[in-house]
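Survey of secondary and tertiary structure
The lines below spell out each chain.
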Amino acid sequence: MNYEPNEQGYWGEYGGRFVPETLVAPLDELTSGYFAVRDDPGFHAEFQDLLQNYVGRPSPLYYAKRLSETLGGAKIYLKREDLNHTGAHKINNCIGQILLARRMGKKRIIAETGAGQHGVATATVCALFGLECVVYMGTEDMRRQELNVFRMRLLGAEVRGVDSGSCTLKDAINEALRDWVTNVDTTYYLLGSALGPHPYPLMVRDFQSVIGREARDQIIEKEGRLPDVLVACVGGGSNSIGLFHPFLNDNVRMIGVEAGGRGETLGEHAARFMAAGRVGVLQGTKSYLLQDNDGQIALTHSVSAGLDYASIGPEHAYLHDMNRVEYASANDEDALAAFSTLSETEGIIPALESSHAVAHAIKIAPEMSANDIMIVNLSGRGDKDVNTVQEEFVKRNI
């Protein structure tokens, strides 16, 4: 089956462009620029060289033996995106987009960030190529992710705090879009997830699909066959679509895990496929989003800053409606417990975002047979989250 969007950037009814007139021309320029390099051998040779020699790819596919034995059931493999340079999958997309920005002649890069990993990756590639970098970040996320704020500034980026709305990722994206409207001639908006107006969802998916391509080759080498199930956390959706996409035409079960937060009440979670999620338009794209009965965008909550977003990438919405990918949620308590479990059983401290995927793996692995194979995308490492987890443990008397 073909899982590509149409020329207007729609997967079924999801995606497209819903932007002010001032952004139509820069998006057209971006689309032309991307499709010019999408099949360019020279571009891909430079991209692959940097992924290998700068990012450190391929990332390992690691058999989590102690975790698997502790849980019983499926053999669990971890795709170790946490071992990438900068500590997460975000760098894959940033390498691809910074190469595109240079080809387009842009000298100034702007980005949004939630947990800070995309901001750090953007600041990193700007330092690598000597480009001006401005990162927008909600002040609540800045509080939660002080270490990453310092890292961005250390790398030469200007971090601009956003104190409107919920002071999180949605608000940072709003400010980045306002900046882009004002400075379209010189500025490239390096968006970090598989959302926003076309061509961003497609472009980010393509750059992140290296995760799934590697995992596919690695599991065949290790086990002689494809896995039974893939599990990844889903905020905007870049790490998950990067893992899922190369397997979409295979008989492989896929599960995206959203942030269940503190409960099912609107405002207490960031799970777009719960009962509260309805189709709407947010920040340039049509997808599922959390909104109240009047159509106002709802506040969201997650212990993980990177999953704390009211909408989800349009390809995920399409895959949900096609019943090709299952979507589940893990709450804050489960994510914190998974954070501890993986640390204690494997000596690997996961990001809180990734902990949601680990939590769901912990839930379903014992229900599977010892012959079943599961791959969990460990999208980032937990150094950035240690202070947050410590605060949460104190609050919960853990």
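All figures in this text were calculated on a predicted structure; none of them were measured in a lab. (Residues numbered from 1 in each chain as written. Predicted model: local features only at pLDDT ≥ 70, side-chain atom pairs only at ≥ 80, totals over all residues. Heavy atoms only, no water.)

Brief notes about the pattern of salt bridges
- Enumeration over the complete set of coordinates arrives at 37 salt bridges.
- Between D206 and R38 there is a salt bridge whose closest N-O contact spans 2.8 Å. Of this pair, D206 sits in helix α9 (residues 200–208) while R38 sits in the loop between α1 (24–37) and α2 (41–55), placing them 168 residues apart in sequence.
- D206 gets classed as buried once you look at its relative accessible area, which sits at 16%.
- Relative accessible area serves as the criterion here: at 22%, R38 is assigned to the partly exposed category.
- Among the salt bridges present, the one from R272 reaches E258, with a minimum N-O distance of 2.7 Å. With R272 in the loop between β10 (253–261) and β11 (277–282) and E258 in strand β10, this pair connects stretches of sequence that are 14 residues apart. (Salt bridge = Lys/Arg side-chain N within 4 Å of Asp/Glu carboxyl O. Helix = DSSP H or I, 4+ residues; strand = E, 2+ residues; numbered from the N terminus. Buried < 20%, exposed > 50% of the residue type's maximum accessible area, 1.4 Å probe, protein only.)

Quick word on the nonpolar core
- Within the largest apolar cluster, 87 residues are counted, with the highest numbers of intra-cluster contacts made by M152, Y188 and Y189.
- A per-element tally of this core places helix α4 (residues 90–103) first, with seven residues.
- Those residues in contact with M152, other than ones at most four positions away along the chain, are T113, G116, G119, V120, A123, V135, M137, A157 and V159.
- In terms of nonpolar packing, the next biggest core, distinct from the first, is built from 29 residues, L71, V229, L342 and I364 among them. (Core = buried A, V, L, I, M, F, W, Y, C linked by side-chain atoms within 4.5 Å. Contact = heavy atoms within 4.5 Å.)

Considering the environment of E21
- Within the secondary structure, E21 sits in the loop between β2 (14–15) and α1.
- We classify E21 as exposed; its relative accessible area is 67%.
- Here the alpha-carbon distance between E21 and L131, two residues 110 residues apart in the chain, equals 27 Å.

Brief notes about the side chain of S287
- With respect to the secondary-structure elements, S287 resides in strand β12 (residues 285–290).
- Its relative accessible area of 0% is what places S287 among the buried residues.
- Within polar-contact distance, the side chain of S287 engages the backbone oxygen of I312 at 2.7 Å.
- When near neighbours in sequence (up to four residues on either side) are disregarded, S287 contacts Y14, R278, V279, G280, S311, I312, G313, P314 and A317. (Polar contact = N/O pair within 3.5 Å; in protein donor to acceptor, adjacent residues only side chain to side chain.)

Observations concerning the packing of α1 against α9
- Contact geometry of α1 with α9 gives a least axis separation of 11 Å together with a crossing angle of 30°. Considering the angle they form, α1 stands roughly parallel to α9. In terms of crossing hand, the pair formed by α1 and α9 is left-handed. Of the residues in α9, those in contact with L27, L30, Y34 and F35 of α1 are Y200, L202, M203, D206 and F207.
- Class assignment for the residues of the contact of α1 with α9 results in eight nonpolar, no polar and one charged. (Axes fitted to C-alpha atoms, helices over the stretch in contact; angles between N-to-C directions. Parallel < 35°, antiparallel > 145°, perpendicular 65-115°, else oblique. Left-handed = near helix turned anticlockwise from the far one by under 90°. Nonpolar A, V, L, I, M, F, W, Y, C, P; charged D, E, K, R; others polar.)

Looking at the pairing of β11
- Examined bridge by bridge, β11 and β12 share six bridges and lie antiparallel to one another. Its bridge partner being in β12, V281 is matched across the sheet by K286.
- Hairpin connection, β11 to β12: the antiparallel pair is bridged by two residues, and Q283 has positive phi, about 50°. (Pairing = 2+ DSSP bridges.)

What to know about α9
- Most of α9 sits inside the fold, with nine of its nine residues counted as buried.
- Those residues of α9 that sit buried are Y200, P201, L202, M203, V204, R205, D206, F207 and Q208.

Focus: the packing of aromatic side chains
- Applying the stated criterion across every chain yields a total of twelve aromatic pairs.
- Between F273 and Y288, the ring centres sit 4.9 Å apart and the planes meet at 70°, which makes this aromatic pair edge-to-face. With F273 in the loop between β10 and β11 and Y288 in strand β12, this residue pair connects regions lying 15 residues apart in the sequence.
- When its relative accessible area of 14% is taken as the criterion, Y288 is described as buried.
- Ring pairs connect the aromatic residues Y34, F35, F43, F47 and F207, which therefore count as one cluster.
- Here K75 stacks its cationic end above the ring of Y63, 5.0 Å away from the centre of that ring.
- One residue, R216, lies across the ring of F247, its end atom 5.8 Å from the ring centre. (Phe/Tyr/Trp six-rings, centres within 6.5 Å; stacked < 30°, edge-to-face > 60°. Lys NZ or Arg CZ within 6 Å of the ring centre and 35° of its normal.)

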